[in-house]
Amino acid sequence: MGFGGSAQSMITILKNNEKMRSQRSKRKSFVGSYTSVKLEFPNTATEIDLKKIEDRLQRENKQLRLKRMLVFGFLFSILITLIIIYI
């Protein structure tokens, strides 16, 4: 039973991966640990700044909703017009 080149290539790749896996466990990737380090992000925004950001985001979301509704209404009216014309 003869195996083609692709089957032999697959067997060779699997063997090489096995060898690399055993070598990888012997090496240490990091010496030390970062679990004891605490990340701190200073909050420099005041309540007024946060309120301004919240208001701006609400305004932008309202405008986006309005634009979506207008586009949907326009497309829906075109669809209804086409249905009425061809029926």
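What you are looking at is a predicted structure, and each value in this text was computed from that prediction instead of being measured.

Rules used in this analysis
Residues numbered from 1 in each chain as written. Predicted model: local features only at pLDDT ≥ 70, side-chain atom pairs only at ≥ 80, totals over all residues. Heavy atoms only, no water. Helix = DSSP H or I, 4+ residues; strand = E, 2+ residues; numbered from the N terminus. Buried < 20%, exposed > 50% of the residue type's maximum accessible area, 1.4 Å probe, protein only. Salt bridge = Lys/Arg side-chain N within 4 Å of Asp/Glu carboxyl O. Phe/Tyr/Trp six-rings, centres within 6.5 Å; stacked < 30°, edge-to-face > 60°.

> Could you clarify how one ought to interpret the overall build of the protein in this entry?
Each helix and strand counted, the protein has two helices and zero strands in total. A buried classification covers 1% of the 87 residues belonging to the protein.

> Looking at this structure, I do not really get the pattern of salt bridges. What am I missing?
Opposite charge on two side chains allows them to pair when their charged atoms are near. Taken as a whole and judged by the stated rule, the model has two salt bridges. Between Asp55 and Lys51 there is a salt bridge, with the nearest N and O atoms lying 3.9 Å from each other. Within this pair, Asp55 and its partner Lys51 are both found in helix 2 (residues 47–86), separated by four residues, close to a single helical turn. The class of Asp55 is partly exposed, set by a relative accessible area of 32%. Given the relative accessible area of 47%, Lys51 is considered partly exposed. Linking Glu60 and Arg56 is a salt bridge whose minimum nitrogen-to-oxygen distance equals 3.4 Å. Placement of both Glu60 and Arg56 in helix 2 is noted, with a separation of four residues, approximately one turn of the helix. Using a relative accessible area of 39% as the deciding quantity, one classes Glu60 as partly exposed.

> In this structure, what is going on with the packing of aromatic side chains? I would like to understand it.
Working definition: an aromatic ring pair is given by the centre-to-centre distance plus the angle between the planes. Scanning the entire structure with this criterion turns up one aromatic pair. The interplanar angle of 20° and the centroid separation of 6.0 Å between the aromatic rings of Phe72 and Phe76 together place this pair among those described as stacked. Pair noted here: Phe72 and Phe76 are both in helix 2, with a separation of four residues, about one helical turn.

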